[in-house]
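Topology and contacts: notes
If you want the building blocks of each chain, they are given just below.
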Amino acid sequence: MEKLPMTAAGHAALEAEFLHRQQVERPRIIAAIAEARSHGDLSENAEYHSAKEAQSHNEGRIVELEDLLQRAEVIDVKKLNGSTVKFGATVTLVDEDTDEERVFQIVGQSEADVKSGKVSITSPTGRALIGKKAGESVEVTTPGGGKSYEILKVAFI
């Protein structure tokens, strides 16, 4: 069973979603199914079929979350240090073409969210940054094309 590295915050978010789906969504969906059943003929009951579909989706996500949580290897980023980029590092970059600064944290796959500045360690950007130091240039091949960045700062916060 392959371990999945993740930050404490990422693990907490998965746990919260898992508990919400188990303790809030599951009972709500069961109640919706019971309500829809009370309306009679199930073969033409759109509410019933919608509720059953929601149940299937919810139960599938619960199983997925359970697997992620069991395989999680929680890494306390605040205990890490060093000058090279590795899991958990917060990296300040400057786009060498536009001089635009970007800040990314290298995180596990399940917690990646580029819009909030979290890139997966397995993403093209994450893989390109691993092992590099401040002052180095990095070429990243992304689905949107090639990018060239200079690493300004590596921190573990």
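Now for a look at the structure at hand. (Residues numbered from 1 in each chain as written. Predicted model: local features only at pLDDT ≥ 70, side-chain atom pairs only at ≥ 80, totals over all residues. Heavy atoms only, no water.)

Here we look at the environment of Gly131
With respect to the helices and strands, Gly131 occurs in the loop between α3 (124-129) and β6 (137-142). Discounting residues that sit within four places of it in the chain, Gly131 has contacts with Thr84 and Val85. (Helix = DSSP H or I, 4+ residues; strand = E, 2+ residues; numbered from the N terminus. Contact = heavy atoms within 4.5 Å.)

Looking at the nonpolar core
In terms of nonpolar packing, the biggest core is built from 16 residues, with Val85, Val91, Leu93, Leu129 and Ile151 touching the most fellow members. Of all the secondary-structure elements, those providing two or more residues to this core are β3 (90-95), β4 (101-107), α3, β6 and β7 (145-155). Those residues in contact with Val91 that sit more than four places away from it in its chain are Val85, Arg102, Val103, Phe104, Ile106, Ile151 and Lys153. (Core = buried A, V, L, I, M, F, W, Y, C linked by side-chain atoms within 4.5 Å. Buried < 20%, exposed > 50% of the residue type's maximum accessible area, 1.4 Å probe, protein only.)

Here we look at helix α1 (residues 8-37)
The terminal C-alpha atoms of α1, which comprises 30 residues, lie 42 Å apart, in line with the 44 Å expected from a rise of 1.5 Å per residue. Along α1, the largest kink reaches about 35 degrees and is centred on Glu25; proline Pro27 follows within four residues of it. Taken together, the buried positions of α1 are Gly10, His11, Leu14, Phe18, Arg21, Glu25, Ile29, Ile33 and Ala36. Residues of α1 that are buried in the fold lie against β1 (4-7), α2 (46-71) and β2 (72-75). (Expected span 1.5 Å × (residues − 1). Bend = angle between axes of the 7 residues up to and from the residue.)

Some details on the side chain of Asn45
Relative to the helices and strands, Asn45 resides in the loop between α1 and α2. Classification of Asn45 as buried rests on a relative accessible area of 8%. Reaching out from Asn45, the side chain makes a polar contact with the backbone oxygen of Ala36 at a distance of 2.6 Å. There is a polar contact of 3.2 Å between the side chain of Asn45 and the backbone nitrogen of Glu47. Excluding residues within four positions of it along the chain, Asn45 makes contact with Ala36, His39 and Gly40. (Polar contact = N/O pair within 3.5 Å; in protein donor to acceptor, adjacent residues only side chain to side chain.)

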